[in-house]
Amino acid sequence: MKGPFHYEELVKIPFIVRWPKGIPGGQVSDSLINQVDIVPTILEAIGMDASEQIDGVSALPMLQEKADEIRDYTIVECTDDPDALRLKTVVTKDRKLTYYHGRDFGELYDLEKDPDEFTNLWNDPAYTTDKVRLMSIILDHMERLERREPRYAYA
């Protein structure tokens, strides 16, 4: 989305919705939402079901104040150039981890203590549990997005 740098100032974008008949006005939320959530949200608003092929989830329950949030994390990716930096970032309300494919470095930030992302905790042993948890989210996300063709035989 914003190139190979996933700092908050580059990836945190405003999401403004106006639908007087369907969404109460004056709301402000810091809940996590992703651009892939826009299509399923619109489809639900017009009464259509989102296809299973769509990656996002509807934000309508959150926008209509029926839910506090729609997701526990969001993923930001930059995988355009296979010969350059390829990275995936997982963001939760309190942590952010960026994985650089094929590199021995990464980034991990405690967004509660360090919202401006000055201190990279990637190699900090005190954050090993967070690092493993966030990496497992990235791996799970990648596995779910992998398209598989039906096969008639398995070797």
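Preceding this paragraph is the structure being described.
On a predicted model such as this, the values are computed, not experimentally measured, just so you know.

Caption draft 1: Molecular detail of the overall build of the protein. What the protein contains, in helices and strands, is 4 helices and 4 strands. Sequence-distant contacts, at least 24 apart, represent 42% of the contacts inside the protein between residues at least 6 apart. Taken as a whole, the protein presents about 10,900 Å² of accessible surface, with 53% of it coming from carbon and sulfur.

Caption draft 2: Seen up close, the sheet that holds strand E3 (residues 95-100). Strands sit in the order E1-E2-E3-E4 across an open sheet of 4 strands; the sheet is antiparallel. Only two strands of the sheet have a single neighbouring strand rather than two, namely strand E1 (74-78) and strand E4 (106-110). Strand-to-strand twist of the sheet, defined as the mean angle between neighbouring strand axes without regard to direction, takes the value 10 degrees. Judged from the 5 bridges that link them, strand E2 (residues 87-91) and E3 form a sheet pairing that is antiparallel. When the bridges of E3 are listed, Lys-88 appears paired with Tyr-99.

Caption draft 3: Region of interest: the nonpolar core. Of all hydrophobic cores here, the largest spans 11 residues; its members are Tyr-73, Ile-75, Val-90, Leu-97, Leu-108, Leu-121, Trp-122, Tyr-127, Leu-134, Ile-137 and Ile-138. Ranked by the residues each element gives to this core, the list is headed by helix H4 (residues 128-145), at 3 residues. Setting aside its immediate chain neighbours within four residues, Ile-137 contacts Tyr-73, Ile-75 and Val-90.

Caption draft 4: Representation of the pattern of salt bridges. Following the criterion strictly, the structure yields 8 salt bridges and no others. Residue Arg-95 pairs with Asp-110 through a salt bridge whose shortest N-O separation is 3.0 Å. On the criterion of sequence distance, the pair formed by Arg-95 in strand E3 and Asp-110 in strand E4 is long-range, its members being 15 residues apart. The class of Arg-95 is buried, set by a relative accessible area of 11%. On the accessibility criterion, Asp-110 (2% relative accessible area) is buried. Salt bridges sharing common partners tie together Asp-94, Arg-95, Asp-110, Asp-130 and Arg-133.

Caption draft 5: View of the pairing of E3. Where burial is concerned, most of E3 is hidden: 5 out of the 6 residues are buried. Turn length for the E2-E3 hairpin, with the two strands adjacent in sequence and antiparallel, is 3 residues. Bridge count for E3 against E4 is 5 bridges, and the pairing is antiparallel. Within E4, the position partnered with Tyr-99 by the bridge is Gly-106. Between E3 and E4, which pair antiparallel in sequence order, lie 5 residues; one of them, Gly-102, sits at a positive phi of approximately 75 degrees.

Calculation criteria
- Residues numbered from 1 in each chain as written.
- Predicted model: local features only at pLDDT ≥ 70, side-chain atom pairs only at ≥ 80, totals over all residues.
- Heavy atoms only, no water.
- Helix = DSSP H or I, 4+ residues; strand = E, 2+ residues; numbered from the N terminus.
- Contact = heavy atoms within 4.5 Å.
- Areas by Shrake-Rupley, 256 points an atom, 1.4 Å probe, with all protein chains shown as cover.
- Pairing = 2+ DSSP bridges.
- Axes fitted to C-alpha atoms, helices over the stretch in contact; angles between N-to-C directions.
- Core = buried A, V, L, I, M, F, W, Y, C linked by side-chain atoms within 4.5 Å.
- Buried < 20%, exposed > 50% of the residue type's maximum accessible area, 1.4 Å probe, protein only.
- Salt bridge = Lys/Arg side-chain N within 4 Å of Asp/Glu carboxyl O.

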